[in-house]
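Structural overview for review
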Amino acid sequence: MVGGGQLARMTHEAGIPLGIRFKLLSDTPQDSAAQVVSDVVIGDYRDLDTLRDFARGCDVITFDHEHVPTEHLRALEADGIPVRPGPDALVHAQDKGVMRARLDAIGVPCPRHRIVADPADVAAFAAEIERDGHEGPSDESGARRAGGFPVILKTVRGGYDGKGVWFVRSEDEARDPFLAGVPVLAEEKVDFVRELAANVVRSPHGQAVAYPVVESRQVDGVCDTVIAPAPGLPEDRALEAQQLALRIARELGVIGHLAVELFETRDGRILVNELAMRPHNSGHWTQDGAITSQFANHVRAVLDLPLGDPRPRAKWTVMANVLGGDYPDMYQAYLHCMARDPQLKIHMYGKDVKPGRKVGHVNTYGDDLDDVLERARHAAGYLRGTIVE
């Protein structure tokens, strides 16, 4: 696995019962997965020679992030090394412009978008939205803004967790995204009710499974809470989202786990926001809430093994991220959380604590959604230090 973050750590854990020999390419020995994997190579994934040396003797290569240069992945394939997902699929998670163009071509509903060259081009895009009467651009009071603003700007490559994303209300505010000299994608501001995620897994021989569609709640552009299944989502709309994700996986040739981040709009549509071709934050609930976790099914898929049952174990499962904060005594925090909720599942990543950084998550489950939500939020808050009783 290329990448030493928490996704690699939890994927390695899922492979242990199968006796999978797991080799890791990590940036540093302190990375989350490097702390627990025995066979670790420290190196730069952006260097082709490093990648080639790492790949020798591996049966298959997979990833815990999308940042390996596409041309390097093609070189590994040319060397005869299976790469899953392959570069022709993964580029759609690496490059938002490529993703939008491909999804348009296969008829997948997306927010209106365009690659823009400068702030004037952004203003022209916003004016076009206003002229065509697209729903969405509004301020906090719900009133539409002049000229079609606000719009969303995203760097085509490299953005995640709110990084590389700008909410701009005017042409003047649209200057910062162009300072780095990288391509920028403009998207209409969607008037959505909530964010959803459809997680699916697909194997090389074409078997695919779909997990229940979840609601993903964001705080400052970072996933805070995931509820499985999404409360109040009509069955036909949940099925639509699952089928859409399965079709995207098939059309793009995805091998492994695919997370499709979605908007549920006020007028009843489902729009695709982002794609991730690896285990995903919106699927962490499956560790304790599904018969087969996203990590176990990702391992099965990249090794072309039969996939496991994705059905939930409980009526409701809630995942809450633990973000960096004030940790006076983690052992004491464990004593409190475990004594208060014996069913609570805690997953910490071994990371240095930094404000706002994802350092772990908790999973709760049960038959009463309000109770399950409260338990998850209390535990995540106590582990962060924002709740002290």
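Bear in mind the structure is a predicted one, so any value in this text is a computation, not a measurement.

Turning our eyes to something else, we now look at the overall build of the protein. Secondary structure summary: the protein contains 11 helices and 15 strands in total. For 389 residues, the compact-globule estimate of 2.2 N^0.38 gives 21 Å, and the C-alpha radius of gyration of the protein, at 21 Å, lies within 12% of that figure. Taken along its principal axes, the extent of the C-alpha atoms in the protein is 60 × 55 × 40 Å. For the protein, with 389 residues in total, the buried portion stands at 54%. Long-range contacts, defined as pairs at least 24 residues apart, comprise 61% of the intrachain contacts of the protein with a sequence gap of at least 6. For the protein, the exposed surface amounts to about 16,900 Å²; the carbon and sulfur share of it is 48%.

On to helix H11 (residues 369-384). Between its first and last C-alpha atoms H11 spans 22 Å; for 16 residues at 1.5 Å apiece the expected length is 22 Å, and the two agree. Along H11, the positions that sit buried rather than exposed are Leu-369, Val-372, Leu-373, Arg-375, Ala-376, His-378, Ala-379, Ala-380, Gly-381, Tyr-382 and Leu-383. In this structure, the buried side of H11 is in contact with strand E9 (214-219), strand E10 (222-228), strand E13 (316-323), helix H10 (330-340), strand E14 (345-348) and strand E15 (358-366). Among the residues trailing H11, Gly-385 stands out with phi positive, at a value near 100 degrees.

This part is about the environment of Asp-118. Locating Asp-118 in the fold gives a position in the loop between strand E3 (113-116) and helix H6 (119-132). For Asp-118 and Val-318, which are 200 residues apart along the polypeptide, the C-alpha to C-alpha distance reads 42 Å. Within the local environment of Asp-118, its side chain forms a polar contact with the backbone nitrogen of Ala-120, the two atoms lying 3.2 Å apart. There is a polar contact of 2.8 Å between the side chain of Asp-118 and the backbone nitrogen of Asp-121.

Bringing the packing of helix H2 (residues 48-55) against helix H3 (residues 70-78) into the picture now. Taken N-terminus to C-terminus, the directions of H2 and H3 make an angle of 40 degrees; their axes are 10 Å apart at the nearest point. Taken together, the axis directions place H2 and H3 in an arrangement best described as oblique. The two elements H2 and H3 cross, and the hand of that crossing is right-handed. Contacts from Leu-48, Leu-51, Arg-52 and Ala-55 of H2 reach H3 at His-72, Ala-75 and Leu-76. Considered class by class, the residues forming the contact of H2 with H3 number 5 nonpolar, 1 polar and 1 charged.

Moving on: the pattern of salt bridges. Under the counting rule described, the total for this entry stands at 25 salt bridges. Arg-114 is the salt-bridge partner of Asp-121, the closest N and O atoms lying 4.0 Å from each other. Exposure remark for Arg-114: the relative accessible area of 23% places this residue in the partly exposed category.

Per-residue confidence for the protein averages 93 on the pLDDT scale, and 95% of its residues sit at or above 70. In the model, residues 135-145 has pLDDT below 50 throughout and makes 31 contacts with residues more than four positions away in sequence or in other chains.

The subject of this paragraph is the nonpolar core. Judged by nonpolar contacts, the single largest core of 42 residues is most densely connected at Val-2, Ile-248, Leu-258, Leu-262, Val-272, Leu-275 and Met-277. When residues in this core are grouped by element, the largest group, 7 residues, is from helix H7 (residues 235-252). Discounting residues that sit within four places of it in the chain, Val-272 has contacts with Arg-100, Leu-103, Val-108, Pro-109, Cys-110, Pro-111, Leu-244, Ile-248, Val-260, Glu-261 and Leu-262. Within the second largest apolar cluster, 18 residues are counted, among which are Ala-320, Cys-337, Leu-369 and Val-372.

In spatial order, the strands read E3-E6-E4-E5; together these 4 strands make up an open sheet with antiparallel pairing. A strand with exactly one partner marks an edge of an open sheet, and here the two such strands are E3 and strand E5 (165-168). For this sheet, the mean inter-axis angle between neighbouring strands, taken without regard to orientation, is 25 degrees. Both strand E4 (residues 151-155) and strand E6 (residues 184-188) contribute to a ladder of 5 bridges, which runs antiparallel.

Thresholds, definitions, all that
- Residues numbered from 1 in each chain as written.
- Predicted model: local features only at pLDDT ≥ 70, side-chain atom pairs only at ≥ 80, totals over all residues.
- Heavy atoms only, no water.
- Helix = DSSP H or I, 4+ residues; strand = E, 2+ residues; numbered from the N terminus.
- Rg over C-alpha atoms; globule rule 2.2 N^0.38 Å.
- Buried < 20%, exposed > 50% of the residue type's maximum accessible area, 1.4 Å probe, protein only.
- Contact = heavy atoms within 4.5 Å.
- Areas by Shrake-Rupley, 256 points an atom, 1.4 Å probe, with all protein chains shown as cover.
- Expected span 1.5 Å × (residues − 1).
- Polar contact = N/O pair within 3.5 Å; in protein donor to acceptor, adjacent residues only side chain to side chain.
- Axes fitted to C-alpha atoms, helices over the stretch in contact; angles between N-to-C directions.
- Parallel < 35°, antiparallel > 145°, perpendicular 65-115°, else oblique.
- Left-handed = near helix turned anticlockwise from the far one by under 90°.
- Nonpolar A, V, L, I, M, F, W, Y, C, P; charged D, E, K, R; others polar.
- Salt bridge = Lys/Arg side-chain N within 4 Å of Asp/Glu carboxyl O.
- pLDDT = per-residue confidence, 0-100.
- Core = buried A, V, L, I, M, F, W, Y, C linked by side-chain atoms within 4.5 Å.
- Pairing = 2+ DSSP bridges.

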